[in-house]
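# Examining the three-dimensional arrangement
Chain by chain, the residues:
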Amino acid sequence: MAILKSRKFILRPYRKGDESSLIRNINDRHVYRNTCSIPYPYTRKDALEFIKSNKLPDAGKKMINFAIDVGGEAIGGIGFREIKIHRAEIGYWLGRKYWNRGIMSEALRLATDFGFKKLRLRRVYAIVFCRNMASARILKKNNYKLEGVMKKYTLKDGKLIDVMIFAKIK
Ligand SMILES: CC(C)(COP(=O)(O)OP(=O)(O)OC[C@H]1O[C@@H](n2cnc3c(N)ncnc32)[C@H](O)[C@@H]1OP(=O)(O)O)[C@@H](O)C(=O)NCCC(=O)NCCS
């Protein structure tokens, strides 16, 4: 799998040993609140299983996940799932103490480019809770277009949540 470099961080595959930094950054109610598939609390078992799941022989056909690495620590993640021949869903999260420094705007730019160039995707899409203004903002900055609102799309903590769908097409 590729390593994608920027001045602030690198995007690289998850590896054994990422468990501690992963847990430190992801195990946060504020990260959990606006995401669909991240557990809270996030345990060591969750971290080990997630890291292992990326190494399974045909994992790369269904999903590709990059750790956002600063100084060797996994401070966030960005990746593709639901990979079909020409399309995939992109998702991301970042440890709270790193928010609002432009990190995910840049990570989204690099990962989207990787999706179009290396995975040869023609459609990359993101599903975003309507209350998640920061996520909508970075998608717009990266020229993703809002395609619509899907009402009561996600069941989260017993509540049905409206989501926006954004996509970038090539
Ligand atoms: C969403 C998230 C990834 C953004 O990462 P980030 O590195 O802080 O994003 P950036 O710093 O690159 O950009 C954030 C932008 O949102 C804006 N923003 C932040 N909070 C905002 C709010 N409450 N309302 C409107 N805009 C907001 C910032 O001003 C910035 O825009 P600007 O560059 O025009 O100033 C991060 O907040 C996060 O991990 N949240 C929890 C998990 C999550 O929501 N994942 C996405 C699920 S779809």
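Owing to the predicted nature of the structure, the values given are computational and were not obtained by experimental measurement.

### Describing the overall build of the protein
Each helix and strand counted, the protein has six helices and eight strands in total. For 170 residues, the compact-globule estimate of 2.2 N^0.38 gives 15 Å, and the protein sits close to it at 15 Å. For the C-alpha atoms alone, the extent of the protein along its principal axes is close to 40 × 40 × 35 Å. Summarising the internal contacts of the protein: among those between residues at least 6 apart in sequence, 55% fall at separations of at least 24.

### What to know about the pairing of strand 6 (residues 123-129)
Two strands pair when backbone bridges link them, and strand 5 (residues 87-94) and strand 6 are joined in this way by three bridges, in the parallel orientation. Looking at the pairing, Glu-89 lines up with Tyr-125 of strand 6. Read as a crossover between parallel neighbours, the route from strand 5 over helix 5 (residues 103-117) to strand 6 is right-handed.

### Some points on the packing of helix 1 (residues 19-26) against helix 3 (residues 44-53)
It is the contact of helix 1 with helix 3, at a shortest axis distance of 9 Å, that shows an interaxial angle of 120°. Overall, the two elements helix 1 and helix 3 adopt an arrangement that is oblique. The two elements helix 1 and helix 3 cross, and the hand of that crossing is right-handed. Taken together, the residues of helix 3 that come into contact with helix 1 (itself represented by Glu-19, Leu-22 and Ile-23) are Arg-44, Ala-47, Leu-48 and Ile-51.

### Re the site of the ligand
Around the ligand, 21 residues are found, and the nearest of them are Asn-34, Met-104, Ser-105, Met-133 and Ala-134. Here the shell around the ligand takes five residues from helix 6 (residues 133-141), the largest share from any one element. Residue classes in the shell around the ligand are distributed as 12 nonpolar, seven polar and two charged.

### Details of the sheet that holds strand 6
If you trace the eight strands from one edge of the open sheet to the other, you get 1-2-3-4-5-6-8-7, paired in mixed fashion. A strand with exactly one partner marks an edge of an open sheet, and here the two such strands are strand 1 (4-5) and strand 7 (145-156). Both strand 6 and strand 8 (residues 159-169) contribute to a ladder of seven bridges, which runs antiparallel. Paired with Ala-126 across the strands is Phe-166, a residue of strand 8. Against the sheet, helix 1 touches strand 4 (73-81) and strand 5, its axis set at about 80° to strand 4.

The rules we used
Here the residue index of a chain counts from 1 through its sequence in written order. pLDDT decides what is reported in this predicted model: residues at 70 or higher carry local features, side-chain atom pairs at 80 or more are listed and counted, and totals for whole chains, interfaces and linings draw on all residues regardless. Counting from the N terminus, the helices are DSSP H or I runs at least four residues long and the strands are E runs at least two residues long. Note on method: radius of gyration uses C-alpha positions; expected globular size equals 2.2 Å times residues raised to 0.38. Contacts are defined on C-beta atoms placed from the backbone: any two residues whose C-beta positions lie within 7 Å are in contact. Any two strands with at least two DSSP-identified bridges between them are counted as paired. Viewed with both strands pointing away, a crossover whose connecting path from the first strand over the helix to the second turns clockwise is right-handed. Axes here mean lines fitted to C-alpha atoms, for a helix over just the part in contact, with angles spanning 0 to 180 degrees between N-to-C directions. By the definition adopted for this analysis, an angle is roughly parallel if under 35 degrees, roughly antiparallel if over 145, roughly perpendicular if from 65 to 115, and oblique otherwise. Helix crossings are classified by the rotation of the near helix relative to the far one: an anticlockwise turn of less than a right angle makes the crossing left-handed, while a clockwise turn makes it right-handed. In this analysis a residue is considered near a molecule or strand if the C-beta atom, reconstructed from its backbone, is found within 6 Å of that molecule or strand. Only Asp, Glu, Lys and Arg are considered charged, only Ala, Val, Leu, Ile, Met, Phe, Trp, Tyr, Cys and Pro nonpolar, and every remaining residue, Gly among them, polar.

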